[in-house]
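Given next are the chains, with one letter for each unit.
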Amino acid sequence: MDAIPGSPTDTVVMKFGGTSVADPARIRHVARRLVAAREQGVRVVGTVSAMGRTTDTLLELAGRVSPHPDPRELDMLLSTGERIACALFAMAVHDLGHEAVSYTGSQAGILTDAVYTKAKIREITPVRVLDALERGKIVLVAGFQGFSRDTMDVTTLGRGGTDATAVALAAALGASCEIYSDVTGVFTADPRIVPDARKLAVVSYEEMLEMAASGAKVLMLRAVELARGHGVRIHARSTFSDEPGTWVQETALDDGRTVRAVTHSLDDVLFTVRGLGEGKRSSAAILRAVASEHVNVDTIVLSAEKETVELAFSVAADDVLATRRALAQEEQLDSSEVREVGNLGKVSVVGAGIRSHAGIAARTFRALEEHGVGPRMISTSPIKISCLVDRADVERGVRGLHEAFSLSAAAAEPPTEG
Ligand code: ADP
Ligand code: ASP
Ligand code: MG
């Protein structure tokens, strides 16, 4: 997805998410933003999500028709949401006296692997996009979708996938990348849970990757991976104001903090598989089976006592059916050895300073304890500490951690004692 040689750098990719395009008035508002950018002399590519809750509604509809919808047909269904929004945008831009053209992912040359419902973009050949830009048109590309040459089928990119469309298009066109949503940037925590959360001016790719992986859905994980891989700076900002947002880029400013943000997820499920070990099924085989169903395994804990080996791992609720399918196919595995616990969530602290400061884990656990939150499982990376907790405790945990690390205050956090 390297930039096309000779392609202009005066191109901007502007991405608008579902809430930003939820109704006709908002579509007309966003169309005016696209036109305003075009009138400043830049070439404009807009990529938009499906309107409001369209994707959820289509998923619910599929579930009412079929208990286990076929993934290929799901992609045929889900990709329509973005196509609708895209065509409506082109109409709204026409009404403002500018030329516009809408393309599906495949018309825009977005080529993916063949994994239905969570395909990865492999390559973009934006011939038609470049041609339309050359003719002065505003180009609208349907987000969240592509096309697999292997199967000749439409694919979708996973929830929040329009962010990935935007970054990949920006990389291919050598364009700048602006991701607009209903928040003014990336905050120290989800502002819906912590109203006095602070907007971060700059976040490094490394920190944003950990934040996205641990649930901060303001940017999709895969989009941040693509941005880092192709050196695309993302400006995450608001659809409804002109204030500067958050820059996601290689390096962040050193603000003297260890923890920069608290993130959370609300849809984790814990699987525990007992009876593994010598002469029986191995934990590697279990994880391989789960991976072959394209499940992203999150926290993993392996405990061995005498000959008994127990493997525990968490997955997102979206991946539960695929995980059950993988485990059911394991012939040497007795179903009584598998336990599944739902209604879980995760609270995490993220910050590049965690790697070089002792005592952050102790402070995290103390804050959770003080707020009556008991972690069930913990996982760490050099710059993140994540705790799997009961879903009912997540919001309390997020607020407690945000306070404990003084994240609302503009000044640096107080030093860690003891
Ligand atoms: P869009 O539909 O535009 O893609 P999303 O709903 O995917 O927008 O992402 C924006 C939402 O992300 C916000 O409404 C906010 O509730 C949530 N969010 C979670 N964590 C954060 C965070 N750290 N900073 C900003 N927003 C966050
Ligand atoms: N419409 C898709 C979703 O709801 C993709 C996106 O919004 O980016 O996940
Ligand atoms: Mg999103």
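Everything here concerns the structure above.
Residues numbered from 1 in each chain as written. Chains lettered and ligands numbered in written order. Predicted model: local features only at pLDDT ≥ 70, side-chain atom pairs only at ≥ 80, totals over all residues. Heavy atoms only, no water.

**Let's talk about the overall build of the chain**
The helix and strand tally for the chain stands at 11 helices and 18 strands. For the chain, the C-alpha atoms occupy an extent of roughly 70 × 55 × 40 Å along the three principal directions. Considering the chain as a whole, with its 418 residues, one finds that 51% of them fall into the buried category. Within the chain, contacts between residues separated by at least 24 positions form 75% of all contacts whose residues are at least 6 apart in sequence. Split by element, the accessible area of the chain, about 18800 Å² in all, is 51% carbon and sulfur. Side chains of the chain give 46 positive and 55 negative charges; the mean places of these two sets differ by 3 Å. (Helix = DSSP H or I, 4+ residues; strand = E, 2+ residues; numbered from the N terminus. Buried < 20%, exposed > 50% of the residue type's maximum accessible area, 1.4 Å probe, protein only. Contact = heavy atoms within 4.5 Å. Areas by Shrake-Rupley, 256 points an atom, 1.4 Å probe, with all protein chains shown as cover. Lys, Arg positive; Asp, Glu negative; His and termini not counted. Charge placed at Lys NZ, Arg CZ, Asp CG, Glu CD.)

**Observations concerning the pairing of strand 15 (residues 308-316)**
Consecutive residues of a regular strand have side chains that alternate between opposite faces of the sheet. Pairing between strand 13 (residues 261-276) and strand 15: 7 bridges, direction antiparallel. If you follow V273 over to strand 15, its bridge partner there is L311. With 6 bridges connecting them, strand 14 (residues 300-305) and strand 15 associate as antiparallel partners. Looking at the pairing, S303 lines up with E310 of strand 15. (Pairing = 2+ DSSP bridges.)

**Quick look at the site of ligand 1**
By nearness alone, 19 residues border ligand 1, and K15, D182, F187, D190 and R192 come closest of all. Here a nitrogen atom of ligand 1 sits 2.9 Å away from a polar atom, N or O, in the main chain of F187. K217 has a polar side-chain atom sitting 3.4 Å from an oxygen atom of ligand 1. Look at ligand 1: alone it shows 570 Å² of surface, and the protein chains cover 90% of it. (Near = heavy atom within 4 Å. Polar contact = N/O pair within 3.5 Å; in protein donor to acceptor, adjacent residues only side chain to side chain.)

**Here's the deal with the nonpolar core**
V45, V129, V139 and V167 are the most contacted members of the largest nonpolar core, which totals 48 residues. Take this core: its biggest share by element is 9 residues, from helix 5 (residues 162-173). Those residues in contact with V45, other than ones at most four positions away along the chain, are T11, V12, V13, M14, V129, L133, V139, V141, L169 and L173. Core analysis: the next-biggest nonpolar cluster, separate from the first, contains 24 residues, M14, I27, V44 and L140 among them. (Core = buried A, V, L, I, M, F, W, Y, C linked by side-chain atoms within 4.5 Å.)

**Things to note about the side chain of S386**
Secondary-structure assignment places S386 in strand 18 (residues 384-390). A polar contact of 2.6 Å, which involves the side chain of S386, links it to the side chain of S348. Not counting residues within four places of it along the chain, the set of residues in contact with S386 comprises S214, K346, V347, S348, M377, I378 and S379.

**Some thoughts on the site of ligand 2**
Contacts to ligand 2 come from S49, T55, E82, F144, R159, G160, G161 and T162. G161 places a main-chain nitrogen or oxygen 3.3 Å from an oxygen atom of ligand 2. Look at ligand 2: alone it shows 260 Å² of surface, and the protein chains cover 87% of it. Here the shell around ligand 2 is composed, by residue class, of 1 nonpolar, 5 polar and 2 charged. (Nonpolar A, V, L, I, M, F, W, Y, C, P; charged D, E, K, R; others polar.)

**A closer look at the sheet that holds strand 18**
Taking strand neighbours across the sheet as the criterion, the 6 strands line up as 14-15-13-16-18-17 in an open arrangement whose pairing is antiparallel. The strands lining the two open edges of the sheet, one partner per strand, are strand 14 and strand 17 (377-381). Neighbour-to-neighbour, the strand axes of the sheet open up by a mean angle of 30°, direction not taken into account. The strands touched by helix 9 (residues 320-328) are strand 13, strand 15 and strand 16 (338-350); relative to strand 13, the strand with the most contacts, the crossing angle is about 15°. (Axes fitted to C-alpha atoms, helices over the stretch in contact; angles between N-to-C directions.)

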